[in-house]
Amino acid sequence: MSSDAIGSATKARNSFAHVEAAGWGQGLSTLLRITRMNLRHPWQVTFAIGSTIIAATLQLTIPQLLGRAVDQTQTAIGGGAEGAAAESALLISALLLLTVSILRGLFTMTQNYYAEAVGHHIGYELRLACYEKIQRLSFSFHDRVHSGDLITIGMLDLEGVRMYFSTALVRVVLLTMLIGIGAYLLISTDPVLGLLALSFVPFVGWRSSVTRLKLRATWLELQERLSVLTRVMEENLGGIRVVRAFAAQAHEMMKFDRASKSALELAHERVGIRVRNTSAMTFSFFLAMGLVLLVGGNKVVAGEISVGTLATFLTFMTILQMPVRQLGMMVNAFARASTCGSRLFGLLDLDIAVKDAPDAKPLDITDGTLRFNNVSFAYPGAQDRQVLKNVSFEARKGETVGIVGPPGSGKSTIAHLIPRFYDVTGGAITLDGQDIRKATLASLRQSVAVVQQDAFLFTTTIENNIAYGDPWAKERRIARASEFAQLHNYVLGLPAGYGTVVGERGVSLSGGQRQRLTIARTMMLKPSVIVFDDSTAAIDAATESRIRTAMRRFAKDRVTIVIAHRLSSLMHADQILFVEGGEIVERGTHEELLAKGGRYRALYDLQVRPGEEMLDEAGGGG
Amino acid sequence: MAPDGAGEIEVERNEVRDGGRRPPRAVVGSHRIEEEMFGRVFDKNIVKRIWAFVRPYRARVIISVAAVLIFTATQLVIPLIIRYAIDNGMAPGEIDHPALLYSVAAFALAILINYAASYIQETVVGQMAENVLFDIRRAMFGHLQKVSLSFMDKTEVGRLMSRLQGDVNSMQEFLETSVLSVGDIVLLFGIVFVMLWLDFRLGLLTLSVMPILFIVRIFWLPRAREAFMAAHETNSVANGALAEAIHGVRAVQSMDRQQVNFTLYDDKAAANLKTHLTAAKYAQVMVPIVDSLTGLAMAFVIVVGGSMVLNGGLDVGIMVAFLFYIQRFFDPIRSLTLQYSVMQRAMASGKRLTDVLDVRIDVKDKPGAKVLSPDMDGSVEFKDVTFGYDPKQPVLKDVSFRVNPGETVALVGPTGSGKSSAMALVHRFYDVQKGEVLVGGHDVRDLTQESLGRQVAMVLQEPFLFTGTVFENIRYHKADATRDQVIEAARAVGAHDFIMSLDGGYDAILGERGGNLSLGQRQLISFARALVADAKILVLDEATANIDSYTEMLIQKALIRLLQGRTGLVIAHRLATIRGADRIIVLQNGQVIETGNHDQLMAKGGLYSKLYNLNYASFDDIPEAELEASAQSGSQT
């Protein structure tokens, strides 16, 4: 429908979007399923199909009426009383024709309108279903599937399914009526002439179907090539400083030309395919018309048929020309609906990995004690790689647990397990003794908040972003959370204050500001457990320490977990866990761990006085 | 099985909109209004600019217009041939009827010409429009490679991309339809002319219905267009909300916003449904009008023409020809009104395209610019340089310093002190307002940008990688670098091990902007890239973001290796890097305030020693308040 949506949506079509050519059986069941969905709007479907049948019937009478009128002018040449009768006969024909034309117009209008209406209603239902599904599918799904593919499904594939009724089903009825009844009428009038008049139908129908399918295949290929071109341009413009820094303009132009040329060649090829087809179709149509003229003309001369009958044949051909050309579009619509539908339903039918257990109850938080009991975890799809092994620890209300360790040690995974972004594969996580898998997701996520590493900002005002988890919050609370995260003064300095639009299409915030906004957002949730997942890395040390001070009061009645690689962020914790290879290898307070002289100590030394030995190396080497 | 789940929807809606509560402070998707879709119908300047792109293909334009005319003529002539056949070749009872054979022969000839003309016209127009589209895009892309970085700094990539795609596409549509419009106009006038020529009175009577359609369309068009635009807009709003749900799904789930969002999205989807139904009404209401007018015109021909035939005043063939023409008659009017919108859209797009093409190129090679020889000494010197992105607000004021060949100099200073600008000037990203920047003893403005780029390698703070293999990324600057050279460079910066651990090693494909690597890893690859470039001078902006201590160590080692044997100008944030430099230049408010090595500066007791004594691991960690305090005391000394 809208070209910009298509443009952005075709950017990435890979693995998930490319359903392997579905078998006939599956394609058919997809089409049946779409048809069933259509039938859930019985009145509109009835109106659309009924109008189609009536409109086609009326359409078919037009050539007859014209032929009749032509004959009426022929029978009575000579004038007189016969002439007057003939004139009134003509008048009747004319009025009939006018009535039929008006009625045909009205029924075509209702046909098209209801056909579209059915499609739009289905589109509405599918949009909602798609949106809800995407919102509910677990992290493991979103990790695996490229966002571009989901956009493709939610925009392009949905269109394909939506258009099925008007472009495939209704057109089948229309074409069957026109060609079937038309053929019957013509052949019963004059078999030879009728066959000649219809001779172009199979050829045009076949050509247009083959071409449409070929155009569709090349269209997908063209989108692929254009997406390469898009990527080249986008990366170039995004990385323009690198391009300039390496004086790589020529190289970039070459890359552009290569991508551009490959797309252009295919575009030319597609023009060729299209043109060869339309010209051939027009030619075959006119050829049939020429034959009808020749044979029909001879028959008129021989007195076998009247001029009016010949005119009927010729008019009928003109009427049939357009719908027959559209046969290809119809075949294409079936093909499109079948592939788009199987992708769309593939998404809608997916099982949600993390969901409420059948007997799930809302969490009942009293003490707010978080406990990891021998927790093990492996990501779905990589079951043989244990990311966490037998992790156990406990944190009570008011306590802070610090988690530190080398990259890839499993620190962030711990953060993701508490709100059940993923489910543990061994052991259990409990909140006040309740296994979190037995609690409702909604209650769990209201009690557990994670301040994420890379914050996603919604394109809306700062105020709305902060209040994202509690959209009914009062302004005063928003401002307080913002003060808390050391963001308030910055926001007041913006031209529109809390009304400033941020996000992808708004004012861009620095990494540190984004993280502070995320912290404010999380404060709004009033969670019992709050997890900072390396979420202060981009905030300077001084601001961070101010946030920490503010945190103290907030942390009093909840569990705080701080995951960080900057030790100053977690030195003050009541308990520090050093994680390596998915296991807790050291635990204790800062002082205890320093005294122990293990890995934590080594990391501390590395950070506090950055590599003196390395500087010596530098002095010697450079 | 049923994907709509209507029951569920109802429940949620009631939960969110519980009576009395004020509406939530929440939206899904953004509400930004898109750029103007329609411009003036005709803008001479823009047409002129577009013509410049069509000019190279003017021979093809002439051919295609000629083909369109011939094609239209054959379409006009076919009913005439039928008319001739009926009137002269089909008198019943005639034994010899050459006229019928002649007509059929003429018909055959006409359709052959029609075939050829349509083939030529569509091929030539179609391919030409594609060519022009790609040419315009290439011109814009090429221009963007040269425009000053200050333009690129100000302009969002997304905005430029929509120019390079959407706007260019609507130009293509415009080109295709404008040739076809020629055909439509000719066809319209042709039909009018032929009808009047065949029979003036009957022609006039038939044509009298035409103005009705015009008038109806004049009233219909603005309303219909509004409805279509509304449909288009609600569609992109709904799609935008969906895209947001996809990209922000983790945030949505962690804040448990699914129910609120679903209700809000339902409103958008419902609005989209409503506008589309309205648009469908507007689109379809024309169908019965056109059909009725066609019927009316045919009825005129039958009553008036028929009685003329009865009275012998008209040949029956002419009546048949009229009936044929009437069926074709509204097509050109319909497509012409559609093309009106295409034109308007094209003018708005054309305006935006020319805006990009007209961005001034500030920094360009001067005529006779010299090539910087690889044998130059590798020194960098700033002589009284004054520079500002806005000339009224200089970022650098009379800055002078020299970096000797092979020396490593650290540029240090608080945010906004002008470090990054100084670095950009070495590469001539911008031109200075006063003074000069010398590389290898030459003013950078006297050198070709290409050769300057070959001798000055840059490592940016945010390591930008391109989609492609690791191998291609490392040899980005030097497309002829061998695999061994690449591996050697990767080893030297300590990137080899993690590259080998990637799936595919050096041939592993990096995702968009190297997304599948950590920041530290990307940094190391960008170091290897600079090493392969093997330039005499290295300009490096150290990353400020916190990298885990392990990778940090690797990076520090790589940096030392990278600077070996070349002149280095480093914007340093980390104390380790700063202390490793041969010399330190302290910048503040665009001026050099201190120079010397670490020990000299410490002894001096100025800003540097104050900053250092605050004992932060990185200068960027120093809180603003303390920075201000030291800066003031520093400037007093």
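Since the model is a prediction, treat every value here as computed from it, not as a measurement.

*Asks:* Residues and numbers for the sheet that holds strand E3 (residues 400-404) of chain A, please.
*Replies:* Residue and element names in this part refer to chain A. Within the open sheet, the six strands sit side by side as E6-E7-E8-E3-E9-E10. Their pairing is mixed. Of all strands in the sheet, those bounded by a partner on one side alone are strand E6 (448-451) and strand E10 (583-588). Geometrically, the sheet is characterised by an average inter-axis angle of 20° between neighbouring strands, direction not taken into account. Relative to strand E7 (residues 529-533), E6 runs parallel, the two being bridged by four bridges. Residue pairing for E7: Val448 is matched across the bridge by Val529. Packing of helix H19 (residues 511-523) onto the sheet brings it into contact with E6 and E7, and relative to E6 it is tilted by some 175°.

*Asks:* Give a description of unusual backbone geometry that names residues and reports values.
*Replies:* Within the chain, Gln486 of chain A stands out as a residue other than glycine whose phi angle is a positive 60°. As for its position among the elements, Gln486 of chain A is in the loop between helix H17 (475-484) and helix H18 (488-493). Phi at Asn589 of chain B is positive, roughly 45°, even though this residue is not glycine. Mapped onto the secondary structure, Asn589 of chain B falls in the loop between strand E11 (583-588) and strand E12 (591-596).

*Asks:* Give me the lowdown on the packing of aromatic side chains, citing residues and values where you can.
*Replies:* Counted according to the given criterion, the structure contains 26 aromatic pairs over all chains. Centroid distance Phe256 of chain A to Phe141 of chain B: 4.4 Å. Interplanar angle 10°. Geometry classified as stacked. Residue Phe256 of chain A is located in helix H11 (residues 249-301), and its partner Phe141 of chain B is located in helix H4 (residues 98-146); the two belong to separate chains. Phe256 of chain A sits in the buried class, given a relative accessible area of 0%. On the basis of relative accessibility, which here comes to 0%, the residue Phe141 of chain B falls in the buried class. Between Phe387 of chain B and Tyr430 of chain B, the ring centres sit 5.5 Å apart and the planes meet at 40°, which makes this aromatic pair tilted. Placement of the pair is Phe387 of chain B in strand E1 (residues 380-387) and Tyr430 of chain B in the loop between helix H12 (419-426) and strand E4 (434-439), with a sequence separation of 43 residues. The same class applies to Phe387 of chain B as to Tyr430 of chain B, namely buried. Pairwise contacts between aromatic rings join Phe139, Phe377, Tyr379, Phe421 and Tyr422 of chain A into one cluster.

*Asks:* Lay out the sheet that holds strand E4 (residues 426-431) of chain A in plain terms, naming residues and giving numbers.
*Replies:* All names here are of chain A. Within the open sheet, the four strands sit side by side as E2-E1-E4-E5. Their pairing is antiparallel. If you trace the sheet from one side to the other, it starts and ends with strand E2 (388-395) and strand E5 (434-435), each paired once. One ladder, built from five bridges, connects strand E1 (residues 370-377) with E4; its direction is antiparallel. Bridging across to E4, Leu370 finds its partner in Leu431.

*Asks:* Please provide a residue-by-residue account of the pattern of salt bridges, values included.
*Replies:* Applying the stated criterion across every chain yields a total of 37 salt bridges over all chains. A salt bridge links Arg601 of chain A to Asp605 of chain A; its shortest N-O distance comes to 3.5 Å. With Arg601 of chain A and Asp605 of chain A both in helix H22 (residues 599-608), this residue pair falls four residues apart, about one helical turn. The exposure class of Arg601 of chain A is partly exposed, given its relative accessible area of 32%. Take Asp605 of chain A: its relative accessible area is 37%, and that puts it in the partly exposed class. Put simply, Arg360 of chain B and Asp362 of chain B hold a salt bridge, and the shortest N to O gap is 2.9 Å. Each of Asp190, Lys299 and Glu304 of chain A takes part in one network of salt bridges that share partners.

*Asks:* Go over the packing of helix H7 (residues 164-189) of chain A against helix H13 (residues 327-348) of chain A with me, naming the residues and quoting the values.
*Replies:* Residue and element names in this part refer to chain A. At a closest axis distance of 9 Å, the pairing of H7 and H13 adopts a crossing angle of 135°. Between H7 and H13, the crossing angle belongs to the class labelled oblique. H13 is crossed by H7, and the crossing has left-handed handedness. Of the residues in H13, those in contact with Tyr164, Thr167, Ala168, Arg171, Val172 and Leu175 of H7 are Leu327, Met329, Met330, Ala333, Phe334 and Ala337.

*Asks:* Report on helix H18 (residues 549-563) of chain B, specifying residues and quantitative values.
*Replies:* Residue and element names in this part refer to chain B. In this model H18 runs 21 Å from its N-terminal to its C-terminal C-alpha over 15 residues, within 8% of the 21 Å that 1.5 Å per residue would give. Listed as buried for H18 are Ser549, Thr551, Glu552, Ile555, Gln556, Ala558, Leu559, Ile560, Leu562 and Leu563. Phi for Gly565, located one or two positions after H18, is positive at around 75°.

*Asks:* Account for the interface of chain A and chain B, with residues named and values stated.
*Replies:* Each partner contributes to the interface: chain A provides 163 residues, whereas chain B provides 168 residues. Between chain A and chain B the total buried area reaches about 15,200 Å² when both faces are included, carbon and sulfur atoms providing 66% of it. Broken down residue by residue, the surface that chain A buries against chain B is led by Tyr131, Phe246 and Trp472 of chain A, which jointly contribute 6%. In this assembly, chain A and chain B are joined by three salt bridges. Here chain A is connected to chain B by 24 residue pairs in polar contact (both at pLDDT 80 or more).

*Asks:* Which residues make up the packing of helix H9 (residues 200-238) of chain A against helix H12 (residues 307-325) of chain A, and what values do they have?
*Replies:* Residues and elements named next belong to chain A. Relative orientation of the contacting elements H9 and H12 amounts to 25°, with a least axis distance of 9 Å. Here H9 is positioned roughly parallel relative to H12, judged by the angle of their axes. Considering only the axes of H9 and H12, their crossing is right-handed. In this structure, H9 contributes Phe200, Val201, Val204, Gly205 and Ser208 to the contact, and H12 contributes Met317, Leu320, Gln321, Val324 and Arg325. Across the contact of H9 with H12, the residue classes break down as six nonpolar, three polar and one charged.

*Asks:* With reference to specific residues and values, describe the side chain of Asn332 of chain A.
*Replies:* Residue and element names in this part refer to chain A. Within the element layout of this structure, Asn332 appears in helix H13. On the basis of relative accessible area, Asn332 is assigned to the buried category, the value being 14%. Contact partners of Asn332, with chain neighbours within four places excluded, come to Arg212, Leu213 and Arg216.

*Asks:* Explain the pairing of strand E6 (residues 456-459) of chain B to me, using residue names and the numbers behind them.
*Replies:* All names here are of chain B. The alternating pattern of E6 places Val456 and Met458 and Ala457 and Val459 on opposite faces, both of which are buried. As paired elements, E6 and strand E9 (residues 537-541) share four bridges and run parallel to each other. Bridge assignment links Met458 to a residue of E9, and that residue is Val539.

*Asks:* Any details on the environment of Phe283 of chain A? Residues and values, ideally.
*Replies:* Residue position: Phe283 of chain A is located in helix H11. Taking the C-alpha atoms as reference, Phe283 of chain A lies 9.3 Å from Phe200 of chain A; in sequence the two are 83 residues apart. Residues contacting Phe283 of chain A, with those up to four places away along its chain left out, are Ile111, Leu112 and Tyr115 of chain B.

Here is what the cut-offs are and how they apply
- Residues numbered from 1 in each chain as written.
- Chains lettered and ligands numbered in written order.
- Predicted model: local features only at pLDDT ≥ 70, side-chain atom pairs only at ≥ 80, totals over all residues.
- Heavy atoms only, no water.
- Pairing = 2+ DSSP bridges.
- Helix = DSSP H or I, 4+ residues; strand = E, 2+ residues; numbered from the N terminus.
- Axes fitted to C-alpha atoms, helices over the stretch in contact; angles between N-to-C directions.
- Contact = heavy atoms within 4.5 Å.
- Phe/Tyr/Trp six-rings, centres within 6.5 Å; stacked < 30°, edge-to-face > 60°.
- Buried < 20%, exposed > 50% of the residue type's maximum accessible area, 1.4 Å probe, protein only.
- Salt bridge = Lys/Arg side-chain N within 4 Å of Asp/Glu carboxyl O.
- Parallel < 35°, antiparallel > 145°, perpendicular 65-115°, else oblique.
- Left-handed = near helix turned anticlockwise from the far one by under 90°.
- Expected span 1.5 Å × (residues − 1).
- Buried area = accessible area lost by both parts, 1.4 Å probe.
- Polar contact = N/O pair within 3.5 Å; in protein donor to acceptor, adjacent residues only side chain to side chain.
- Nonpolar A, V, L, I, M, F, W, Y, C, P; charged D, E, K, R; others polar.

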